[in-house]
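Residues per chain, in single letters:
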Amino acid sequence: EAFFGTLLRNSEYCTKHHNTNFVHLQFDRWESDLDDVAARDERKCIMRDPNHCGRSPTTMTGDYAELLELSGDLFARKFLDNVDTDIKDYLDVMRQRQE
């Protein structure tokens, strides 16, 4: 994600710099907020104490389509094909309308 931005920023084609990365990134709850320790995602609990679990980006689905559209960001994460495949098609159509 940072490679292309760095490459373009340091090229002769960059004449103006915006201090934003144009990536929509949204986080949900902390895993340690779940009362049921067994329901926590072990991949996010790297500490020995289960009350110090992390969190990962929210998986974007069709429920977030309007939010993604309103954000105006060029990029977003995280999309999982086994959760929702239609959201990426929706975003493609939305971007084509903007052109």
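Quantities reported herein were computed from a predicted structural model and do not represent experimental measurements. (Residues numbered from 1 in each chain as written. Predicted model: local features only at pLDDT ≥ 70, side-chain atom pairs only at ≥ 80, totals over all residues. Heavy atoms only, no water.)

**Here's the deal with the nonpolar core**
In a soluble, globular protein the nonpolar side chains are often hidden away together inside. In this structure, M60, A65, L68, I87, L91 and M94 together form the largest nonpolar core, which totals six residues. Put simply, the parts of the chain that give this core at least two residues each are helix 2 (65-71) and helix 3 (86-98). (Core = buried A, V, L, I, M, F, W, Y, C linked by side-chain atoms within 4.5 Å. Buried < 20%, exposed > 50% of the residue type's maximum accessible area, 1.4 Å probe, protein only. Helix = DSSP H or I, 4+ residues; strand = E, 2+ residues; numbered from the N terminus.)

**Things to note about the confidence of the model for the protein chain**
Within the protein chain, residue pLDDT values average 81, and 94% of them lie at 70 or more. Put simply, helix 1 (residues 2-9) is where the protein chain has its lowest mean pLDDT, 80, and helix 2 is where it has its highest, 88. (pLDDT = per-residue confidence, 0-100.)

**Topic: the side chain of D84**
Following the sequence through the fold, D84 ends up in the loop between strand 2 (75-77) and helix 3. K88 provides the closest opposite charge to the buried, salt-bridge-free D84, at an N-O distance of 9.1 Å. Polar side-chain contacts of D84 include one of 3.5 Å to the backbone nitrogen of I87. When near neighbours in sequence (up to four residues on either side) are disregarded, D84 contacts T61 and G62. (Lys, Arg positive; Asp, Glu negative; His and termini not counted. Salt bridge = Lys/Arg side-chain N within 4 Å of Asp/Glu carboxyl O. Polar contact = N/O pair within 3.5 Å; in protein donor to acceptor, adjacent residues only side chain to side chain. Contact = heavy atoms within 4.5 Å.)

**What about a nonpolar patch on the surface?**
A contiguous nonpolar surface patch, about 370 Å² in accessible area, is contributed by F3, F4 and L7. The topology assignment puts F3 in helix 1. (Patch = residues over 30% accessible without salt bridge, like charges linked within 9 Å, V, L, I, M, F, W, Y side chains within 5 Å. Areas by Shrake-Rupley, 256 points an atom, 1.4 Å probe, with all protein chains shown as cover.)

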